[in-house]
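# Coordinate inspection notes
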Amino acid sequence: MGDITLFGLPISLGTMVYQALIFTVLVFILKKLVFKKLVGVMDSRKQHIENQLQLTEQYKQEAEKNLELSAEVLNQARKDAREIMKHSEYEAKLIISDAKFQAKEIVKEAKEELFRSRSFMHKDSKGA
Amino acid sequence: MEHARPQVVLFNLTFDLSIILTTTIASLLVFFIAYLATRNLTEGIPKKWQNFMEWIMDFVRDIMNNSMGHTNNLFVLSTGVSLLMYLFIANLLGVPFSIITSEDHPVSWWRSPTADAHVTMTLAIMIIAYTHFIDIRLHGLKHYLLSFFKPFKALFAINILEQFATTLTLGLRLFGNIYAGEVMLALLAGAVTHGFAVASLAAIPMLIWQAFCVFIGTIQAYIFVTLTMVYIAHRLT
């Protein structure tokens, strides 16, 4: 039983028409209701991930730059600290030597004074 | 093992009711799976059902990219995904059971719709017609008609024959594989009528053969989609 026969095989055209119809309808409905949205979502997620990756790359570069900068600042600070230390040591030495010199002066003066006062006393006692 | 089909005649066209039943159910299943899986779409981390649909989409996209290079044709992608899901479900419909009523003469109501050449040949004809359509739309009618005489005129007959051959092989490959599986399943299931001993002997082969039918159904759906993409790609260049 069939509408036409091809090489002795009965072919029911109605079945074929129905099959063609239902599959076409299925494709178009799915395309409109499902695949359009799904492809949109997948594409926008892809875009989102690409953006995020670019951002991370950018942040990474920035972080590297910042790290370099901070290392430089640290080096500078160390250098400064060393210089300040050297400077202060030198100053301290200066102060100490100065102080020693002054102390010597004071001692010398005091001795001289003592000597002078003694000789004065001597003269005084001779005169009396 | 050939049973009568439940056929009716409407508007001078014969309709096979069992095929109409199973194709409608297969289409509805595909539609509901696809629709319900993508009801709550998210751009963030997809849930398992959305993930499943996206996996199928990516799978078909890969097939497309392999055959026709990078492309974003939504219609071809939709066709591929629908075809894959539809054929997979249609191939599996007849695996778990079949329904045959037997009042005066046995009538087969439930089996894989793809185990009938009407269904597979219709799909194959639609796909080949679509490839011809895009050829005409992309390159014009003149180029399309001249393409039958390339590389030289003597090959005209072979070019025409090739189109019929691709259509026939595309449709009949799927039909033959699924039909053979169903015949074997029917034979094994028929062992039940020969007593308990025969039935228990046939149980294990039946199980194995069902697993094999699932495998064949999956592979054939994949092959059908891949060939569709290859035929479309052939027309694009």
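Look up a bit, the structure's there.
Below you will find a few notes about this structure. Note on numbering: residues in each chain are counted from 1, in written sequence order. Following the order in which they are written, the chains are lettered starting with A and the ligands numbered starting with 1. In keeping with the predicted nature of the model, local features appear solely for residues at pLDDT of at least 70, side-chain atom pairs appear and are counted solely at 80 or more, and the whole-chain, interface and lining totals rest on all residues. The side-chain values count all of the structure's non-hydrogen atoms but skip hydrogen atoms and water molecules.

### Considerations on the overall build of chain B
Here is the rule: To qualify as a helix, a DSSP run of H or I must reach at least 4 residues; to qualify as a strand, a run of E must reach at least 2; elements of each kind are numbered from the N terminus. Only protein chains enter the calculation, and the probe is 1.4 Å; a residue is then buried if its accessible area is under 20% of its type maximum, exposed if over 50%, and partly exposed in between. Contact between two residues is taken to exist if any of their heavy atoms lie within 4.5 Å; hydrogens are not considered. Methods summary: accessible areas were calculated by the Shrake-Rupley approach with a probe of 1.4 Å, and residue burial reflects only the protein chains presented. Under the convention used here, Asp and Glu are negative, Lys and Arg are positive, and both His and the chain ends fall outside the count. The atom standing in for a charge is NZ when the residue is Lys, CZ when it is Arg, CG when it is Asp and CD when it is Glu.
Along chain B, the regular secondary structure elements total six helices and four strands. The linear arrangement of helices and strands in chain B, starting from the amino end, is β-β-α-α-α-β-β-α-α-α. Along the three orthogonal principal directions, the C-alpha set of chain B runs to about 65 × 55 × 40 Å. Within chain B, buried positions represent 44% of all 237 residues. Considering only contacts within chain B whose residues lie at least 6 apart along the sequence, 67% involve residues at least 24 apart. Accessible area for chain B stands at about 12,700 Å²; split by element, carbon and sulfur atoms hold 72% of it. When the 12 basic and 12 acidic side-chain charges of chain B are each reduced to a single mean position, those positions are 11 Å apart.

### Description of the environment of Leu77 of chain B
In this fold, Leu77 of chain B is placed in helix α3 (residues 74–93). A relative accessible area of 5% places Leu77 of chain B in the buried class. Spatially, the C-alpha atom of Leu77 of chain B lies 9.7 Å from that of Ile63 of chain B, the residues being 14 residues apart in sequence. Contacts of Leu77 of chain B, omitting those with residues within four sequence positions, involve Val39 of chain A together with Met57, Val60, Arg61 and Met64 of chain B.

### Examining a negative patch on the surface
All names here are of chain A. How we decide: Each patch is built from residues lacking any salt bridge and having more than 30% relative accessible area; the joining distance is 9 Å for like charges and 5 Å for nonpolar side chains (Val, Leu, Ile, Met, Phe, Trp, Tyr). We define a salt bridge as a side-chain nitrogen of Lys or Arg found within 4 Å of a carboxyl oxygen belonging to Asp or Glu.
A cluster of acidic side chains, namely Glu57, Glu64, Glu68 and Glu72, defines a negative patch on the protein surface. Tracing the backbone through its elements, the reader meets Glu57 in helix α1 (residues 13–127). Given the relative accessible area of 44%, Glu57 is considered partly exposed.

### Things to note about the packing of helix α5 (residues 156–189) of chain B against helix α6 (residues 196–236) of chain B
Residues and elements named next belong to chain B. This is how it is decided: Inter-axis angles, ranging from 0 to 180 degrees, are taken between N-to-C directions of lines fitted to C-alpha atoms, where helices are fitted over the stretch in contact. Each angle gets one of four labels, with under 35 degrees taken as roughly parallel, over 145 as roughly antiparallel, 65 to 115 as roughly perpendicular, and the rest as oblique. Residues are grouped as follows: Ala, Val, Leu, Ile, Met, Phe, Trp, Tyr, Cys and Pro are nonpolar; Asp, Glu, Lys and Arg are charged; all remaining types, including Gly, are polar.
For the pair α5 and α6, the least separation of the axes is 9 Å and the interaxial angle reads 170 degrees. Classed by the angle they form, the pair α5 and α6 counts as roughly antiparallel. Considering only residue class, the contact of α5 with α6 consists of 17 nonpolar, eight polar and two charged.

### Focus: the pattern of salt bridges
Tallying each qualifying case throughout the model produces three salt bridges over all chains. For Arg61 of chain B, the salt bridge identified is with Asp43 of chain A, shortest N-O distance 3.8 Å. Highlighted residues: Arg61 of chain B in helix α2 (residues 48–68) and Asp43 of chain A in helix α1, drawn from two different chains. By relative accessible area, which is 18% here, Arg61 of chain B ends up buried. Put simply, Arg45 of chain A and Glu54 of chain B hold a salt bridge, and the shortest N to O gap is 2.9 Å. Taken together, the residues Arg45 of chain A in helix α1 and Glu54 of chain B in helix α2 connect one chain to another.

### Side note on the interface of chain A and chain B
The following threshold applies: Accessible area, probed at 1.4 Å, shrinks when two parts are joined; the buried area is that loss added up over both. Polar contacts here mean pairs of N or O atoms no more than 3.5 Å apart (in protein, one a potential hydrogen donor and the other a potential acceptor; neighbouring residues in sequence count only if both atoms are side-chain atoms).
Facing 34 residues of chain A, the contacting portion of chain B comprises 43 residues. Note on chain A versus chain B: buried area summed over both sides is about 3,600 Å², and carbon and sulfur give 73% of it. Put simply, chain A and chain B have two salt bridges between them. Between the two partners, chain A and chain B, sit three residue pairs in polar contact (both at pLDDT 80 or more). When residues of the side of chain A that touches chain B are traced back to their parent elements, those giving at least two are β2 (9–11) and α1 of chain A. Looking at the side of chain A that touches chain B, the element that brings in the most residues is α1 of chain A, giving 28 residues.

### Some thoughts on the side chain of Asp135 of chain B
The residue Asp135 of chain B is located in helix α4 (residues 117–146) in this model. Residues within four places of Asp135 of chain B in sequence aside, it is in contact with Gly140, His143, Tyr144, Ser147 and Arg235 of chain B.

### Re the side chain of Thr79 of chain B
Inspection of the secondary structure puts Thr79 of chain B in helix α3. Residue Thr79 of chain B is classed as buried on the basis of its relative accessible area of 14%. If we skip the residues at most four places from it in the chain, Thr79 of chain B touches Phe23 and Val27 of chain A.

### Examining the packing of aromatic side chains
Residues and elements named next belong to chain B. Counted only if it meets this: Pairing of aromatic rings covers Phe, Tyr and the six-membered ring of Trp, with a centre-to-centre limit of 6.5 Å; geometry is then stacked below 30 degrees between planes, edge-to-face above 60, and tilted otherwise.
What the rule picks out here adds up to 13 aromatic pairs over all chains. Relative to Tyr222, the ring of Phe59 lies with its centre 5.6 Å away and its plane at 45 degrees, an arrangement referred to as tilted. Within this pair, whereas Phe59 is found in helix α2, its partner Tyr222 is found in helix α6, the two being separated by 163 residues in sequence. Site record: aromatic cluster; members linked through ring pairs are Trp49, Phe52, Trp55, Phe59 and Tyr222.

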